[in-house]
Amino acid sequence: MVNLGLRRVEDSVAAKHPALQQYAACQSHAFMKGIGTFLAGSGAAFAVQKLVNKKLPYSLQWSLLVAGAAGSLASYAVTRAETRKCADFWIYLETGKSPQELAVAGRVSQAAENLPSPENRETAAPLVRRNKYGDVVE
């Protein structure tokens, strides 16, 4: 068993995915960044509301509610972006290629699969052209 943060991972899984430790560290960093963003965002929103409160008075509970909601939204955005970076990093560590390279390679191989073979050209249906929205173009 291999320790991965607070959890233990079986040796076979760790051997199959040698980059698991780096991915777990990246995810941990992303979540800590999200927590920091929540605290900083909530604090900043609360401070701004205290400044605005002199011109537009409202109760403390509303200030806390709005500050918490603003911090949550900021935290969600940052955590989502950082998690996406970690997922891309994981794909790179596992395959040696970036997700963009894999997407391009997938499109090329998919396009090659859709081409009719020379012996089936007579019986194959004509290729249909589509625009960027997926509509058939004649």
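Preceding this section is the structure that the text describes.
All values derive from a computational prediction rather than experimental measurement.

What about the overall build of the protein?
- Along the protein, the regular secondary structure elements total 4 helices and 4 strands.
- For the protein, the succession of helices and strands along the chain, N to C, is β-β-α-α-α-α-β-β.
- Counting across all 138 residues of the protein, residues that qualify as buried make up 14%.
- For the protein, restricting intrachain contacts to residue pairs at least 6 apart in sequence, the fraction spanning at least 24 positions comes to 49%.
- Total accessible area on the protein is roughly 10700 Å²; 63% of this is exposed by carbon and sulfur atoms.

Considerations on helix 2 (residues 20-52)
- With 33 residues, helix 2 ought to run about 48 Å at 1.5 Å a step, and its terminal C-alpha atoms sit 47 Å apart, in line with that.
- Along helix 2, the residues that are buried comprise Leu-20, Gln-27, Ala-30, Gly-34, Thr-37, Ser-42, Ala-45 and Gln-49.

Let's talk about the state of the cysteines
- Here the structure, examined in full by the defined rule, presents 1 disulfide.
- The disulfide partner of Cys-26 is Cys-86, and the S-S distance across this bridge is 2.0 Å. Here the disulfide of Cys-26 and Cys-86 is left-handed, its torsion about the S-S bond being about -90 degrees. Taken as a pair, Cys-26 in helix 2 and Cys-86 in helix 3 (residues 60-95) lie far apart in primary sequence, 60 residues in all.
- With a relative accessible area of 0%, Cys-86 lands in the buried category.

Details of the side chain of Ser-63
- Within the secondary structure layout, Ser-63 lies in helix 3.
- On the accessibility criterion, Ser-63 (1% relative accessible area) is buried.
- Filtering out sequence-adjacent residues up to four positions away, Ser-63 remains in contact with Phe-46, Gln-49 and Tyr-58.

Structural notes on helix 3
- If you check helix 3, its first and last C-alpha atoms are 52 Å apart, about what 36 residues at 1.5 Å a residue would give, namely 52 Å.
- Every buried residue of helix 3 is accounted for by Ser-63, Ala-67, Gly-71, Ser-75, Thr-79, Glu-82, Cys-86 and Trp-90.
- Among the structural elements, helix 2 are those in contact with the buried residues of helix 3.
- Gly-96 lies just past helix 3 and shows a positive phi near 85 degrees.

Let's talk about the packing of helix 2 against helix 3
- Helix 3 packs onto helix 2 with a crossing angle of 160 degrees between their chain directions and a minimal axis gap of 7 Å. Relative to helix 3, helix 2 is oriented roughly antiparallel. Judged by the sense of rotation from one axis to the other, the crossing of helix 2 with helix 3 is right-handed.
- Residues belonging to the contact of helix 2 with helix 3 are distributed by class as follows: 22 nonpolar, 14 polar and 3 charged.

What counts and how
Residues numbered from 1 in each chain as written. Predicted model: local features only at pLDDT ≥ 70, side-chain atom pairs only at ≥ 80, totals over all residues. Heavy atoms only, no water. Helix = DSSP H or I, 4+ residues; strand = E, 2+ residues; numbered from the N terminus. Buried < 20%, exposed > 50% of the residue type's maximum accessible area, 1.4 Å probe, protein only. Contact = heavy atoms within 4.5 Å. Areas by Shrake-Rupley, 256 points an atom, 1.4 Å probe, with all protein chains shown as cover. Expected span 1.5 Å × (residues − 1). Disulfide = S-S within 2.5 Å. Axes fitted to C-alpha atoms, helices over the stretch in contact; angles between N-to-C directions. Parallel < 35°, antiparallel > 145°, perpendicular 65-115°, else oblique. Left-handed = near helix turned anticlockwise from the far one by under 90°. Nonpolar A, V, L, I, M, F, W, Y, C, P; charged D, E, K, R; others polar.

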